[in-house]
Amino acid sequence: MCVICRQRFSKDELYRFTCPVHGELTLTADSTGKTPGRGFYLCRDAACRNKFERFKGWQKKCKGVGHVH
Ligand SMILES: [Zn+2]
């Protein structure tokens, strides 16, 4: 499911991101789709990609992962 528009897509239609592990302020793009840990999915819609740049909903969910406090 896309975290922005909350519509369901098949996995090959979604970009996957994982929590940053070194305290970065952006999610880590998971190009392999196999990185362990909490995943966030983004669809290919241009509007969703724009909103995703300002999406902060992951920060709470990534607390306790890596060095995010
Ligand atoms: Zn979307």
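Located above this text is the structure these notes cover.
Residues numbered from 1 in each chain as written. Predicted model: local features only at pLDDT ≥ 70, side-chain atom pairs only at ≥ 80, totals over all residues. Heavy atoms only, no water.

Student: What exactly am I supposed to notice about the coordination of the zinc ion here?
Tutor: Each pair of donors in an ideal four-coordinate tetrahedral metal site encloses 109.5 degrees, whereas pairs in an ideal six-coordinate octahedral site enclose 90 or 180 degrees. Within the protein, the zinc ion binds to Cys2 (SG), Cys5 (SG), Cys43 (SG) and Cys48 (SG); these donor distances fall in the range 2.3 Å. Geometry at the zinc ion is tetrahedral, judged from the 4 donor atoms that bind it and their angles of 103 to 118° at the metal. Ordering the donors of the zinc ion by residue number gives the pattern C-x2-C-x37-C-x4-C. For Cys2, a relative accessible area of 0% translates into the label buried. (Donors = N, O, S within 2.8 Å, 3.2 Å for Na, K, Ca; no water. Tetrahedral: all angles 85-135°; square planar, octahedral: opposite > 155°, others 65-115°. Buried < 20%, exposed > 50% of the residue type's maximum accessible area, 1.4 Å probe, protein only.)

Student: Would you mind going over the pairing of strand β3 (residues 39-42) with me for this structure?
Tutor: Side-chain direction in a regular strand flips from residue to residue, so the side chains alternate between the two faces of the sheet. Judged by which residues are buried, β3 turns out to be covered on both faces: Gly39 and Tyr41 on one side and Phe40 and Leu42 on the other are all buried. Relative to β3, strand β1 (residues 15-18) is paired through 4 bridges, and the arrangement is antiparallel. Bridged to Thr18 within β3 is Gly39. (Helix = DSSP H or I, 4+ residues; strand = E, 2+ residues; numbered from the N terminus. Pairing = 2+ DSSP bridges.)

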